[in-house]
Amino acid sequence: MAVLTIRNVPEEVRELLTRAAKRSGQSLQAYLLAVLEREARFSRNAELADMEPVGGGLLSMDEIVDAVRAARGEAPGGDGRAGVV
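Residues numbered from 1 in each chain as written. Predicted model: local features only at pLDDT ≥ 70, side-chain atom pairs only at ≥ 80, totals over all residues. Heavy atoms only, no water.

Trainee: Residues and numbers for the pattern of salt bridges, please.
Mentor: A full pass over the atoms with the stated rule returns 3 salt bridges. The shortest N-O distance in the salt bridge between glutamate 11 and arginine 14 comes to 2.4 Å. Linking glutamate 11 with arginine 14, this pair stays in helix 1 (residues 11-23), spanning 3 residues, or about one helical turn. The exposure class of glutamate 11 is exposed, given its relative accessible area of 54%. A salt bridge links arginine 14 to glutamate 15; the nearest nitrogen and oxygen atoms lie 3.6 Å apart. We classify arginine 14 as partly exposed; its relative accessible area is 33%. Via salt bridges that share partners, Glu11, Arg14, Glu15 and Arg19 belong to a single interconnected network. (Salt bridge = Lys/Arg side-chain N within 4 Å of Asp/Glu carboxyl O. Helix = DSSP H or I, 4+ residues; strand = E, 2+ residues; numbered from the N terminus. Buried < 20%, exposed > 50% of the residue type's maximum accessible area, 1.4 Å probe, protein only.)

Spelled out as structure tokens, the structure:
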């Protein structure tokens with residue numbers, strides 16, 4: 001695991017992050033790690049969106065979901081209702 005250090009964080013920013021961590025029942029360390037992990041996933045989504053389509057044909061929703069899961073390193077399959085509430 002890597003160790004990151006962030007210098008020159010304004011006091012107001014640190015305080016706001018500390019309060020957010022407390023509200024979520026986490027330490028500041030755990031809260032910031034979750035924020036970084038979420039941002040990393042979002043940046044990966046942007047990379048996927050910028051990729052050129054393969055095959056040139058239309059894909060079904062199941063094929064799209066499986067391709068996104070595969071690109072994320074997740075197991076393909078399921079009921080094809082990912083994200084449906």
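Next, the rest of the story.
Trainee: So what's going on with the side chain of threonine 18? Residues and values would help.
Mentor: Turning to its location among the elements, threonine 18 is positioned in helix 1. Among the polar contacts made by the side chain of threonine 18, one reaches the main-chain carbonyl oxygen of arginine 14 at a distance of 2.8 Å. (Polar contact = N/O pair within 3.5 Å; in protein donor to acceptor, adjacent residues only side chain to side chain.)

Nothing here speaks to function; it is all geometry.
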